[in-house]
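Chain and residue survey
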Amino acid sequence: MVTIGLPFFNNESSLLDTIRSVFAQTYQDWELILVDDGSSDRSLELARTIRDERVRLFSDGENKGLARRLNEIADYARGDLMLRLDADDLMHPTRAARIVEYFRTNPNADAVFSGAYVIDESGEVTGFQPVVERHTVQEVLRKFFACHPTLAGTTRWARANPYPARTKRAEDLDLWCKCFPTTRFEYITDPLYYCRIQSDYSLRKYAATANDHCRVILSYGPDMLGLPSTCYLLARAQLKTLIHGAARLVGLNALSARRSVAPVTSRVREDEHHIIADMLALQLPSAATTGVPCAF
């Protein structure tokens, strides 16, 4: 069985569509773990409407942050494999099946990343985000890593490698630097995930992320790269923040913190439009359609 971990915080506008993409999977031997991170909107209320024995919902009313919630999901998981899913994104219908098959044919893998389509707020594909391969931990620290939400791994690996809670906006980079030497990362080039880019670009959040990245660089850089390279990376991070701030001042709000995105053809956009439309038209099981309680 596959565990799909979905932490959410104030995602009432997208949460049910994200859940629909789970129910639309061609591989159906999954459990969905929903973890509320102290939402103040209707997200928790909407999550409680789902009625399916494969869905478990956890809520303690606290706001602990993504890293701690992902670690909790690893503890709750019953499946042999764990798939990440952000509450404003979507899974491709074949994602779970492809991941299961990949681990079946690559039993020594610990974790795998995939390519991803980029979608806008209306769910239309606007680009392709290739999977990024890294071969040394030094590369990870200098150039960062693959798209974090596309991560899938064995539950055993996830429990053995919890996210550090010290860097709330760079928990992924912190983890990669810590576990890369002992982890076998693999890569699927095909896009199995839809990453949504929000239009409300926040310079404050970008700056907070950059600051946490600097903390990780300071923690690992001197030993891994040496002091000169560490200073260069810190200066580069601060310069990028200044560039984003200047762009915001002159009205270039589209300047995004996301990694580079490749264009897609009109045929791809059309094909993916139909796939996404079919997913979003899916009726979710509720008390009105099943009578099966949601597990808390």
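Scroll up for the structure.
What you see is a predicted model, and the numbers here were worked out from it, not measured in a lab.

1. Brief notes about the overall build of the chain
In terms of regular secondary structure, the chain is built from 10 helices and nine strands. Its C-alpha radius of gyration of 19 Å places the chain within 12% of the 19 Å reference for a compact globule of 296 residues. Based on the C-alpha atoms only, the size of the chain along its principal axes is roughly 60 × 45 × 40 Å. Of all 296 residues assigned to the chain, the portion counted as buried reaches 51%. Looking at the chain alone, contacts between residues at least 24 apart form 79% of all its contacts between residues at least 6 apart. Side chains of the chain give 35 positive and 37 negative charges; the mean places of these two sets differ by 5 Å.

2. A short note on the pattern of salt bridges
Overall, the coordinates contain 17 salt bridges when judged by the stated rule. Here Asp-190 and Arg-98 are joined by a salt bridge, their closest N and O atoms 3.0 Å apart. Here the residue Asp-190 occupies a position in strand β9 (residues 185–196), and Arg-98 occupies one in helix α4 (residues 95–105), the gap between them amounting to 92 residues. Note on Asp-190: relative accessible area 35%, which makes it partly exposed. A network of salt bridges, in which partner residues are shared, links Asp-37, Asp-60, Lys-64, Arg-69 and Glu-72.

3. Some points on the packing of helix α7 (residues 171–179) against helix α8 (residues 203–224)
Axis separation between α7 and α8 bottoms out at 9 Å; the angle between their running directions is 20 degrees. By the angle between their axes, α7 is roughly parallel relative to α8. Here α7 and α8 pass one another in a crossing that is left-handed. For the pair α7 and α8, contact is made by Leu-173, Asp-174, Cys-177 and Lys-178 and by His-213, Val-216, Tyr-220 and Met-224, respectively. Split by residue class, the contact of α7 with α8 holds five nonpolar, one polar and two charged.

4. Comments concerning a nonpolar patch on the surface
A surface patch of nonpolar side chains, amounting to about 310 Å² of accessible area, comprises Leu-239, Leu-242 and Ile-243. For Leu-239, the location among the structural elements is in helix α9 (residues 227–249). With relative accessibility at 48%, the residue Leu-239 sits in the partly exposed group.

Conventions adopted
Residues numbered from 1 in each chain as written. Predicted model: local features only at pLDDT ≥ 70, side-chain atom pairs only at ≥ 80, totals over all residues. Heavy atoms only, no water. Helix = DSSP H or I, 4+ residues; strand = E, 2+ residues; numbered from the N terminus. Rg over C-alpha atoms; globule rule 2.2 N^0.38 Å. Buried < 20%, exposed > 50% of the residue type's maximum accessible area, 1.4 Å probe, protein only. Contact = heavy atoms within 4.5 Å. Lys, Arg positive; Asp, Glu negative; His and termini not counted. Charge placed at Lys NZ, Arg CZ, Asp CG, Glu CD. Salt bridge = Lys/Arg side-chain N within 4 Å of Asp/Glu carboxyl O. Axes fitted to C-alpha atoms, helices over the stretch in contact; angles between N-to-C directions. Parallel < 35°, antiparallel > 145°, perpendicular 65-115°, else oblique. Left-handed = near helix turned anticlockwise from the far one by under 90°. Nonpolar A, V, L, I, M, F, W, Y, C, P; charged D, E, K, R; others polar. Patch = residues over 30% accessible without salt bridge, like charges linked within 9 Å, V, L, I, M, F, W, Y side chains within 5 Å. Areas by Shrake-Rupley, 256 points an atom, 1.4 Å probe, with all protein chains shown as cover.

Just distances and angles here, no functional claims.
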